[in-house]
Amino acid sequence: MRTSDALADDGLLALATALTARAGFGRARSLTRLVGGRNNQVFRIDATAGAPLVMKRYFSDPRDMRDRLAAEWDFLERAWNDGVRTVPQPLAKDDSAQAALYSFVVGRRLEAGKLEPAHIDAAADFILAINATRRVGLGPASDACFSISDHLQLVERRLLRLAALDREAPQLADAERFVFAILRPRWDMVREQVTREAHALGLDPHRALAESECCLSPSDFGFHNALAGNDGRLVFLDFEYAGRDDPAKLVVDFFCQPQVPVPSGYRAQFLTRLALDDVTQARCRILLDVCRVKWVCILLNDFLPVGAARRAFAATSDRKARCAVQLEKAKAMLSEIRL
């Protein structure tokens, strides 16, 4: 059953049929819009043959150069070919339409405050599995960092973007006050502290990681992008930012992502399972507050024109309500920094 005027577009059904036919599932009989996608449009497809499927249409905008389809498809194809089965199977894609077809994953979302040690082990096992086979030619993840100075420059770029908030954004005055009077001064202190700590540990902030020191990272990795099946097994989703990256960035992102927060008490377990060396663990410690500031900036994306465009494409909640929520989340995240 089609559930909205958007789904009544025969072009969408034709696109779905082209993908299902290419993958050997016959004709797409119906589309149902799925909720939850923050940057893309996601549909359940019921076809004439086989189980339900998922079609994903990716956000594309000249102001956002990330090829989301290519990043996710390449990651899933690589993982699937390596025998990793805790991800959706890539089935067919249409580059010109920025759309792809995947297997449908049945499961429930994990809730904040209800994470267990087994979930942490599953996340670590997944990272180990996708890194079991190293391959040449792996592209960088979105916002990939290969040195401590890269992490610092990444935050600087995000703060620079926030200097030009959308003049039509709700709560614009409050957001500008927070960015310029609170966030910017706090970031200056964090940056100086990280530089001091790096030198104290004998770490050169400008040294780039060698290829062997990098990892394949989902990038936006956390339990907000996971589903638990009836058997308790986790399946991980959404890899449009994936690629080669700093393992320390993967770790600090995992503990900073705000949707399904991972308690800091699980940090030792996660690091132990990943078997990271002492230097990488030290970099995880000194980069944690850098990552928190980065996530504060990410939470404020709705105040930027391109961020608003992504949310409109994905048809998420009302912008006014969303901006209010995101601003409060940003303030809460920044309050976790203890200098």
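Calculation criteria
Residues numbered from 1 in each chain as written. Predicted model: local features only at pLDDT ≥ 70, side-chain atom pairs only at ≥ 80, totals over all residues. Heavy atoms only, no water. Axes fitted to C-alpha atoms, helices over the stretch in contact; angles between N-to-C directions. Helix = DSSP H or I, 4+ residues; strand = E, 2+ residues; numbered from the N terminus. Parallel < 35°, antiparallel > 145°, perpendicular 65-115°, else oblique. Contact = heavy atoms within 4.5 Å. Nonpolar A, V, L, I, M, F, W, Y, C, P; charged D, E, K, R; others polar. Buried < 20%, exposed > 50% of the residue type's maximum accessible area, 1.4 Å probe, protein only. Salt bridge = Lys/Arg side-chain N within 4 Å of Asp/Glu carboxyl O. Pairing = 2+ DSSP bridges. Left-handed = near helix turned anticlockwise from the far one by under 90°.

(A) Spatial organisation of the packing of helix α8 (residues 278-299) against helix α10 (residues 319-335). Contact pair α8 / α10: the axes reach a minimum separation of 8 Å and the direction vectors enclose 175°. The pairing of α8 with α10 is recorded here as roughly antiparallel in orientation. Here Arg292, Val293, Trp295, Val296 and Leu299 of α8 lie close against α10, whose contacting residues are Gln326, Lys329, Ala330, Met333 and Leu334. Split by residue class, the contact of α8 with α10 holds seven nonpolar, one polar and two charged.

(B) Layout of unusual backbone geometry. Not every positive phi belongs to a glycine, and Gln171 is a case in point at roughly 55°. Of note, Gln171 is situated in the loop between α4 (148-162) and α5 (172-200). One non-glycine residue, Ser219, lies in positive phi territory at about 75°. Relative to the helices and strands, Ser219 is located in the loop between β7 (215-217) and β8 (226-228). Residue classification places Ser219 among the buried positions, given a relative accessible area of 10%.

(C) The environment of Ala208, seen in detail. The residue Ala208 is located in the loop between α5 and β7 in this model. A relative accessible area of 48% means that Ala208 is categorised as partly exposed. Taking the C-alpha atoms as reference points, Ala208 and Ser30, separated by 178 residues in sequence, lie 50 Å from one another. Setting aside residues no more than four positions away along its own chain, Ala208 makes contact with Phe146, Ser147 and Glu213.

(D) Highlighting the pattern of salt bridges. What the rule picks out here adds up to 27 salt bridges. Note that Arg184 and Glu156 form a salt bridge whose closest N and O atoms lie 3.1 Å from each other. Taken together, the positions of Arg184 in helix α5 and Glu156 in helix α4 put the pair 28 residues apart, joining distant regions of the chain. On the basis of relative accessible area, Arg184 is assigned to the partly exposed category, the value being 27%. Judged by relative accessible area, which is 25%, Glu156 ranks as partly exposed. Salt-bridge contacts for Glu156 lead to Arg191; the nearest nitrogen and oxygen are separated by 2.4 Å.

(E) Fine view of the sheet that holds strand β3 (residues 53-57). Read from one edge to the other, the open sheet built from five strands follows the order β1-β2-β3-β5-β4, with strand pairing classed as antiparallel. Edge strands, defined here as strands with exactly one partner in the open sheet, are β1 (28-33) and β4 (90-94). Strand-to-strand twist of the sheet, defined as the mean angle between neighbouring strand axes without regard to direction, takes the value 25°. Pairing between β4 and strand β5 (residues 99-103): four bridges, direction antiparallel. Counterpart to Pro90 in the pairing with β5 is Tyr102. Packed on one face of the sheet, helix α1 (residues 10-22) meets β1, β2 (41-47), β3, β4 and β5 and runs near 120° to β1. Across the face of the sheet, helix α2 (residues 68-81) comes into contact with β3, β4 and β5 while running at roughly 155° to β4.

(F) Broad picture of the packing of helix α6 (residues 247-256) against helix α7 (residues 267-274). Between α6 and α7, the least distance of the axes is 11 Å, while the angle of their chain directions is 150°. It follows that α6 is roughly antiparallel to α7 by the angle criterion. Crossing of α6 over α7 shows right-handed handedness. The residues of α7 that touch α6, namely those facing Leu250, Val251, Phe254 and Phe255, are Arg267, Phe270, Leu271 and Leu274. Per-class residue counts for the contact of α6 with α7 are seven nonpolar, no polar and one charged.

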